[in-house]
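# Understanding the architecture of this molecule
If you want the building blocks of each chain, they are given just below.
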Amino acid sequence: MQTYQIDAEEVLKALDASPQGLTPEEAERRLSLYGANELAEKKKRSLFMMFLDQFKDFMIIVLIAAAVISGIIGEPADTIAIIVIVVLNAVIGFVQEYRAEKAMAMLKKMAAQTASVLRNGEIVHIPSAHIVPGDIVLLEAGNIVPADMRLLETARLMIEEAALTGESMPVEKHTMPLHEEHLPLGDRKNMAYKGTIVTYGRGKGVVTAIGMKTELGKIASLLQEGEEVKTPLQKRLAVFGKKLALAVLVICTVVFVAGLLRGEDRLLMLLTAISLAVAAIPEALPAVVTISLALGAKKMVKQNALIRKLPAVETLGSVTYICSDKTGTLTMNKMAVEEIWVDGAVIKTAGEEGLKQGTETSSRSMLLTALALSNDAGEDAAGRHIGDPTEVALYLVARKAGFDKKMLEKDFPRVAEIPFDSDRKCMTTFHRTPEGGVISFTKGAIDVLIETSSDILHPDGPRWLDPEEVQRVNEKMSADGLRVLGIGMKKWDRLPDDMSPGHVERGLTMLGLAGMMDPPREEAREAVGLCKTAGIKPVMITGDHPLTATTIAQRLGIIDNDSKEVITGRELDRLSLEEFEERVNDIRVYARVAPEQKLKIVKALQDKGQFVAMTGDGVNDAPALKRADIGIAMGITGTDVSKEASHMILLDDNFATIVKAVKEGRRIFENIRKFIKYTMTSNSGEIWTLFLAPFFGLPIPLLPIHILWINLVTDGLPGLALAAEPAEKGVMQRPPRDPKESIFAHGLGTHIIWVGLLMGGVSLFTQAWAIKTEHSHWQTMVFTVLCLSQMGHVLAIRSETESLFAQGLFSNKPLLAAFLLTFILQMATIYVSALNPIFKTEPLTLDELAIALLLSTVVFIAVEIEKAVKRRLGKRRMDSAQRGSRP
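Cut-off values and rules
- Once a new chain begins, its residue numbering starts again from 1 and follows that chain's sequence as written.
- Whole-chain, interface and lining totals are the exception, using all residues; otherwise, since this is a predicted model, local features are given only for residues with pLDDT of at least 70 and side-chain atom pairs are given and counted only at 80 or more.
- Hydrogen atoms and water are omitted, and side-chain values are computed over all heavy atoms in the structure.
- Labels follow the DSSP assignment, with helices taken as runs of H or I lasting at least four residues and strands as runs of E lasting at least two, numbered in each case from the N terminus.
- Burial classification: accessible surface area is computed with a 1.4 Å probe over protein chains only, and a residue below 20% of its type maximum counts as buried, one above 50% as exposed, and the rest as partly exposed.
- Residues are treated as being in contact if the distance between any of their heavy atoms lies within 4.5 Å.
- Throughout, the Shrake-Rupley method with a 1.4 Å probe supplies accessible areas, and for residues the shown protein chains are the sole cover considered.
- Simply put, an axis is a line fit to the C-alpha atoms, just over the touching stretch for a helix, and the angle between two N-to-C directions goes from 0 to 180 degrees.
- Any angle that is under 35 degrees is reported as roughly parallel, and any over 145 degrees as roughly antiparallel; angles of 65 to 115 degrees are reported as roughly perpendicular and all others as oblique.
- Take the far helix as the reference: if the near one is turned anticlockwise from it by less than a right angle, the crossing is left-handed, and if turned clockwise, right-handed.
- Gly counts as polar in this scheme, as do all residues outside two lists: the nonpolar Ala, Val, Leu, Ile, Met, Phe, Trp, Tyr, Cys and Pro, and the charged Asp, Glu, Lys and Arg.
- Pairing of aromatic rings covers Phe, Tyr and Trp, the last counted by its six-membered ring, and requires centre-to-centre distances within 6.5 Å; plane angles under 30 degrees mean stacked, over 60 mean edge-to-face, and any other angle means tilted.
- Note on pairing: DSSP must find at least two bridges between two strands before they are called paired.
- Of the grid points, spaced at 1 Å and generated over the protein atoms alone, those admitting a 1.4 Å probe that cannot get out make up cavities, while open sets with protein on both sides within 12 Å along at least five of seven lines make up pockets; any residue with an atom within 4 Å of a point is treated as lining.
- Grid points are joined across faces, edges and corners, and a volume is the space filled by probe spheres set on the points.
- We define a salt bridge as a contact between a side-chain nitrogen of Lys or Arg and a carboxyl oxygen of Asp or Glu at a distance within 4 Å.
- The patch calculation keeps residues exceeding 30% relative accessible area without a salt bridge and links them within 9 Å when they carry like charges or within 5 Å when they are nonpolar (Val, Leu, Ile, Met, Phe, Trp, Tyr).
- Working rule for helices: expected span equals 1.5 Å times residues minus one.
- Polar contacts, as used here, are pairs of N or O atoms within 3.5 Å; protein pairs need one atom able to donate a hydrogen and one able to accept it. Residues neighboring in sequence count only if both atoms are side-chain atoms.
- By convention a nonpolar core is built from buried Ala, Val, Leu, Ile, Met, Phe, Trp, Tyr and Cys residues, the set being connected through side-chain atoms within 4.5 Å.

What follows is about the overall build of the chain. Assigned secondary structure in the chain consists of 35 helices and 26 strands. Going through the 887 residues of the chain one by one, you find that 55% of them count as buried. Pairs at least 24 apart in sequence give 72% of the contacts found in the chain among residues at least 6 apart. For the chain, the accessible surface area stands at approximately 38,600 Å², while carbon and sulfur atoms represent 59% of it.

Before going further, it helps to examine the packing of helix α26 (residues 655-692) against helix α30 (residues 778-796). A packed helix pair is summarised by two numbers, namely the angle formed by the two axes and the spacing between the axes. Close contact between α26 and α30 brings their axes to 10 Å; oriented N to C, the two are set at 155 degrees. As judged from the angle between their axes, α26 and α30 are roughly antiparallel. Here α26 and α30 pass one another in a crossing that is right-handed. Residues Lys677, Tyr678, Thr681, Ser682, Gly685, Glu686 and Thr689 of α26 touch α30, and the partners they reach there are Leu786, Gln790, Met791, His793 and Val794. A class-by-class count of the residues in the contact of α26 with α30 yields four nonpolar, six polar and two charged.

Counted by the stated rule, this structure contains three aromatic pairs. Both rings, one in Phe580 and one in Tyr590, keep their centres 6.3 Å apart while their planes meet at 80 degrees; by these two values the pair is edge-to-face. Placement of Phe580 in helix α22 (residues 577-583) and of Tyr590 in strand β23 (residues 589-591) is noted, with a sequence separation of ten residues between them. For Phe580, a relative accessible area of 0% translates into the label buried.

Take the sheet that holds strand β9 (residues 321-325) next. The strands making up a sheet associate through backbone hydrogen bonding, with each pair oriented either parallel or antiparallel. What the eight strands build is an open sheet, ordered β8-β26-β25-β24-β9-β21-β23-β22; its pairing is mixed. On the outer flanks of this sheet lie β8 (305-307) and β22 (566-568), each paired with one strand and no other. If you compare each strand with its neighbour and ignore which way they point, the axes differ by 20 degrees on average. Here β9 pairs with strand β24 (residues 612-616) via three bridges, running parallel.

Bridge count for strand β17 (residues 453-458) against strand β18 (residues 461-464) is four bridges, and the pairing is antiparallel. Bridging from a neighbouring strand, Leu457 pairs with Pro462 of β18. Joining the antiparallel neighbours β17 and β18 is a turn of two residues.

As enumerated under the stated definition, the model contains three cavities of 30 Å³ or more in all. What the second largest cavity holds in volume is close to 60 Å³. In terms of lining residues, the second largest cavity is bounded by Val255, Gly259, Arg262, Met269, Thr272, Leu690, Ala693, Pro694, Ile700 and Pro701. Of all the elements in the fold, those that place two or more residues in the lining of the second largest cavity are α9 (232-261) and α10 (266-280). When grouped by side-chain class, the residues that make up the lining of the second largest cavity number seven nonpolar, two polar and one charged.

What follows is about the pattern of salt bridges. Taken as a whole, this structure holds 32 salt bridges when the rule is applied. With a closest N to O distance of 2.4 Å, Lys348 and Glu339 form a salt bridge. Owing to a relative accessible area of 7%, Glu339 belongs among the buried residues under this scheme. Two residues, Asp376 and Arg414, come together in a salt bridge whose shortest N-O distance is 2.8 Å. Here the residue Asp376 occupies a position in the loop between α13 (362-373) and β12 (378-379), and Arg414 occupies one in strand β14 (residues 414-421), the gap between them amounting to 38 residues. Among the residues examined, Asp376 registers a relative accessible area of 46% and is labelled partly exposed. The class of Arg414 is partly exposed, set by a relative accessible area of 26%.

Moving on, we get to a nonpolar patch on the surface. There is a patch of nonpolar side chains on the surface, built from Ile861, Ile865, Val869 and Leu873 and spanning about 340 Å² of accessible area. Position of Ile861 among the secondary structure elements: in helix α35 (residues 858-885). Classification of Ile861 as partly exposed rests on a relative accessible area of 45%.

This next bit is on α26. Between its terminal C-alpha atoms α26 stretches 55 Å, which fits the 56 Å expected from 38 residues at 1.5 Å a residue. The element α26 is largely enclosed, with a buried count of 34 among its 38 residues. N-cap assignment for α26: the residue whose side-chain oxygen lies 3.0 Å from the backbone N of Ala656 is Asn654.

This paragraph deals with the nonpolar core. Membership of the largest hydrophobic core comes to 70 residues, with the highest contact counts inside it found for Ile322, Leu513 and Phe655. A per-element tally of this core places α26 first, with ten residues. Once residues lying within four places of it in the same chain are set aside, the contact partners of Phe655 are Ile322, Ser324, Thr329, Leu330, Ala524, Ala527, Val528, Cys531 and Pro538. In terms of nonpolar packing, the next biggest core, distinct from the first, is built from 39 residues, Val255, Tyr678, Ile710 and Leu788 among them.

As a further point, take unusual backbone geometry. Non-glycine residue Asp343 carries a positive phi angle of around 55 degrees. Tracing the chain through its elements places Asp343 in the loop between β10 (336-342) and β11 (345-348). With phi around 60 degrees, His746 is a residue other than glycine that occupies positive phi space. Secondary-structure assignment places His746 in the loop between α28 (717-721) and α29 (748-772). Using a relative accessible area of 62% as the deciding quantity, one classes His746 as exposed.

Right, let's get into the packing of α30 against helix α32 (residues 813-831). Remark: α30 packs on α32, axes separated minimally by 11 Å, with the N-to-C direction vectors making an angle of 180 degrees. In terms of orientation, α30 and α32 fall into the roughly antiparallel class. Taking contact as the criterion, the partners of Thr780, Phe783, Thr784, Cys787, Leu788, Met791, Gly792, Val794 and Leu795 in α30 are, on α32, Leu815, Phe819, Thr822, Phe823, Gln826, Met827, Thr829 and Ile830. Of the residues that constitute the contact of α30 with α32, the class distribution is eleven nonpolar, six polar and no charged.

Here Glu391 is to be found in helix α14 (residues 389-400). A relative accessible area of 9% places Glu391 in the buried class. At a separation of 2.9 Å, a polar atom in the side chain of Glu391 contacts the side chain of Lys443. Not counting the four nearest positions on each side in its chain, Glu391 is found in contact with Ser374, Asn375, Asp376, Ala377, Met427 and Lys443.

The next point concerns α30. Along an α-helix, a turn takes 3.6 residues, which lines up residues three or four apart on a common side. Relative to the 27 Å expected for 19 residues at 1.5 Å per residue, α30 spans 27 Å between its end C-alpha atoms, a close match to the ideal helical length. The buried fraction of α30 is high, at 19 of 19 residues.

Below, the structure is given as structure tokens:
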């Protein structure tokens, strides 16, 4: 049995402990036996090894090899550029990993430094690390609980457990045993847990677990065991890099051998093959990826999403499930009165009809007066609402109806009160009336108010109270997910001498009921709808009651009226992993979940091939945040531990911000894909040009310097400018990318081959025509056509289907600037005499330049035709689908 299920005396007996505490000798013996009350950490890697690990990626190794080759063939500029890119990526990766290591340090900070314990009946202050099982620990307001303990004594003890349970309200503790099995942490009210904070009262408890055996320690274990999950882009690029390296090796070998068979110079063919290898490897790819992610991260900050780990930006585009906390993320994180029952009818407060001052009945007026006066809520100097969330809700609904607390207190000053306590489940305030008498208002649990009320107020005066009617209304409100309070009153000639609750809280006149909840955010409802359109399934995970969770989920559109989509933590506990994985794709709401269950949910979804975004704010959420494909911490309410374990932080704690970030993630991946499409097609064109020339009996069309120059000017700025490409229309109307699909899916590989062949074909046609017509500048013409064909290609692939002319040239100004700069630089290599000997070029005549420019447009026109065909086919499919959906 769990310690919360048995009497305190039995716990003491089981731990061989005494209410007077352990003897110093016994405490010392147990310290050596059980070890220190500390969170253990895994052995850390040195900073140097962490940095070195950044160079293990296959693509990085290929780039380093390319840098070495560039240096050997006398191209130091390429060598330096590649090394700078590689080191920059390593530094970024190192910084991200180093920051992630701080999560455990943040967790350790939560532990108390010292504690007050009983030793041989005397209070002593010891380091919390020296606490042992069986120690008797004293707690008071402001203490951090130093270990897990079963409470022996409580005096209005309240402990804030938000870091462990996610519940923001402090929990009132008691010492009675709880007989129910599998109680979640938040319901174990006779226990106190390491790392939680005492907010009120005092208490005493016996230590049941220390160090890594505590609930906080279990979370630390999960946090250290949880492996980092690679992003879809990292997986795709790793596969891409390996395949590319092998393909380049084979092609370069074929080009070298073919040249030798044709009788070409060995050194020239060796340099050509090596130059082709350097050109074929897109060394700008890591830079484009990093810059795209960095620009996306910068843009997201303006939308209240702070990215901690750059790869997370792209991963957002693959997300298939968003598992979100309820309070503050999907809801407003403040209670609001939704319904009032008075005069035998339920009034929806949102419309305010029947609540405004001047139109209400006397009974409604009295109820609203009670709501305004019988609470301790108010406003500070800055106009912020202060007080208990429930009381703030009552204060606001009364004020909205015209019953201002400050004004009413002038006529009804408070003269006495009996505070709320958990045994009575109610609170009473006494107010002087303008007539000189006293009126008391009592608010509390419905069952208490029914028992203590003798009648109910109606417009024509008090009537007999029907308990069954009140219970029916209470059950209906509760079924709608509302937290219901009853409000009663009693008139006195003067302040009673006997102020005991048993005397003054009897014979009340009930005024009505108030039903309240934390209402959903309006923007969250829209974001949920957008998620569904984008093929993303929103899931709510909360510590709240299932009824409340279901109501909010229905109002947001997360679920319909299908109860199969809702499961509690207790039900989840009974399912085996196999049984749970069979159902996990259909569940949309999890209520009353424990920390380890959040991790179980993430793992189950990932095992089913899903990409999961998980939100959280407490220490209990950290393992799940770390394990998720995207861990999203709350910026306002989140703990330091959850933030350090996360990939992204919501600065406004708003679900709608996640959906904006998903859209940005999709845009970024599409732009990275466009760069791969562009650079690989360009490389393909260069390879086909060199590879096919011998088969047509043509001399080598380009020299090594030409290949390296084209590689430098076309891969660089134009490729980077693609990172600024705005999102295409309908990006959130598409389903998420299949994480298993190749980076060359959806026709990308085919495009690279056919457009590369076309580019090579146009270049070889230029060469053949120029040689046949005895144009001596044929090599410079081929050089120009190949370079500018790539510029036409980059303009054409800005969209998968939309024409460049529909997009507008100025919709991506950085790309237009890169295009113009590349054109100017290419013209400089031809017409600046000082550059001719360096680039082995000759000035073209006007006719030759005109022909080269005309042939350079062939690729652009061909790709625009391809897009036009795609648009027409897409329209046909849409028309066909619409016809098929008609009855």
